[in-house]
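Observations on the model geometry
Residue strings, one per chain:
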Amino acid sequence: MDRYAVIGNPIKQSMSPEIHTAFAQETHQDLEYDKLFAEVDGFKAAADEFFSAGAKGLNITAPFKLDAFDYADELTERARTAGAVNTLALQQDGSLLGDNTDGPGLVSDIRNHLGWSIKGKKLLVLGAGGATRGTLLPLLHEQPARLHIANRTASKALQLAQDFSAYGSLSASGLEDIPAGFDLIINASAAGLSGERPQIAATVVGAGCCAYDMVYGAEPTPFMRWASALGAETADGLGMLVGQAAEAFYLWRGVRPQVAPVLAMLRARLR
Ligand code: ATR
């Protein structure tokens, strides 16, 4: 049977095995999907062992996305610009392709599942770490009217805007001087992980604004509660988790699984 896994440290919390097992059932694919734990400096040894035992693909979660980037023989454009790999796929010739499906997972959740548009909209992305870098190219491909990156440390936002300037028109600032009136705000900062939200002015929330938090949980996040109180429609990042898994599944198996039933199952379990 074809073998796959997700590797991370910690890994206990990962919902990827349930997600991929559900995808496999729904699409009638015969595969096995496990969790792999590796020591912080042990990615290469664990990946070598897994692939030499005949495995077909690997998902990579924290803290190994940069190790996987170095490990891949070949990279997709979106993995190269993201500077990180979350999916490795064994190819026909025995080489390993490194991809990054986080951005496509985010875009498909926003566009297909939530039904929010990105094309022609004024888009604000909060944060300038790996989560932002990993999703900028797929977001720019959707052709927003503008894309502004704002970060607590302004210099990091300015650097990212410069790094991606070849792919679209970007602006950047610190959190205190963001222009007003955005249509879509994506929180890619890690603020929610410590129960906080980025400190930004209410004026950034435009009329009919949609607000997306890449973090998810049983309750709406602080950022979602703040945006909702200002009249925005909100969503958390559970759909992005399922969306990135669906893109990885498609890369490995050539079949697109349905996202909605799996998302509903995970949502029910979180509550
Ligand atoms: P990730 O890979 O999840 O993006 P990261 O690279 O450590 O993680 O980046 C975390 C991001 O969240 C950064 O943009 C960080 O802002 P700084 O660059 O100023 O550190 C942002 N962040 C973390 N805590 C925050 C908070 N309480 N308010 C606003 N931004 C925060």
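In this text the structure is predicted, and so the values were computed from the model without any measurement.

**Points about the overall build of the protein**
Across its full length, the protein carries 11 helices and 12 strands. Against the 2.2 N^0.38 benchmark of 18 Å for 271 residues, the protein shows a C-alpha radius of gyration of 18 Å, consistent with a compact globule. By its C-alpha atoms, the protein is 55 × 40 × 30 Å across when sized along the principal axes. Across the 271 residues in the protein, those meeting the buried criterion constitute 46%. For the protein, restricting intrachain contacts to residue pairs at least 6 apart in sequence, the fraction spanning at least 24 positions comes to 61%.

**Describing the domain arrangement of the protein**
The figure often quoted for interface size is the accessible area lost as the parts come together. Taken domain by domain, the protein consists of domain 1 (2-100 + 245-266) and domain 2 (103-235). The dominant element in the side of domain 1 that touches domain 2, judged by the number of residues it contributes, is helix α4 (residues 77-82), at 3 residues. Within the side of domain 1 that touches domain 2, the residues separate by chemical class into 4 nonpolar, 3 polar and 2 charged.

**Description of the packing of helix α1 (residues 16-27) against helix α10 (residues 238-253)**
Interhelical geometry of α1 versus α10 gives an angle of 55° and a closest axis separation of 10 Å. Here α1 is positioned oblique relative to α10, judged by the angle of their axes. Here α1 and α10 pass one another in a crossing that is right-handed. In this structure, α1 contributes S16, I19, H20 and F23 to the contact, and α10 contributes V242, A245, A246 and F249.

**Section: the nonpolar core**
By size, the foremost hydrophobic cluster in this structure holds 78 residues, and its most contacted members are L124, I149, I185 and A211. It is α10 that provides the largest number of residues to this core, a total of 8 residues. Each of two domains, domain 1 (2-100 + 245-266) and domain 2 (103-235), supplies a minimum of three residues to this core. In contact with I185, other than residues within four places in its own chain, are L124, L126, V204, C209, A211 and A227.

Analysis parameters
Residues numbered from 1 in each chain as written. Predicted model: local features only at pLDDT ≥ 70, side-chain atom pairs only at ≥ 80, totals over all residues. Helix = DSSP H or I, 4+ residues; strand = E, 2+ residues; numbered from the N terminus. Rg over C-alpha atoms; globule rule 2.2 N^0.38 Å. Buried ≥ 20, exposed ≤ 12 C-beta atoms within 10 Å, placed from the backbone. Contact = placed C-beta atoms within 7 Å. Domains from an automatic or database assignment. Nonpolar A, V, L, I, M, F, W, Y, C, P; charged D, E, K, R; others polar. Axes fitted to C-alpha atoms, helices over the stretch in contact; angles between N-to-C directions. Parallel < 35°, antiparallel > 145°, perpendicular 65-115°, else oblique. Left-handed = near helix turned anticlockwise from the far one by under 90°. Core = buried A, V, L, I, M, F, W, Y, C linked by C-beta atoms within 7 Å.

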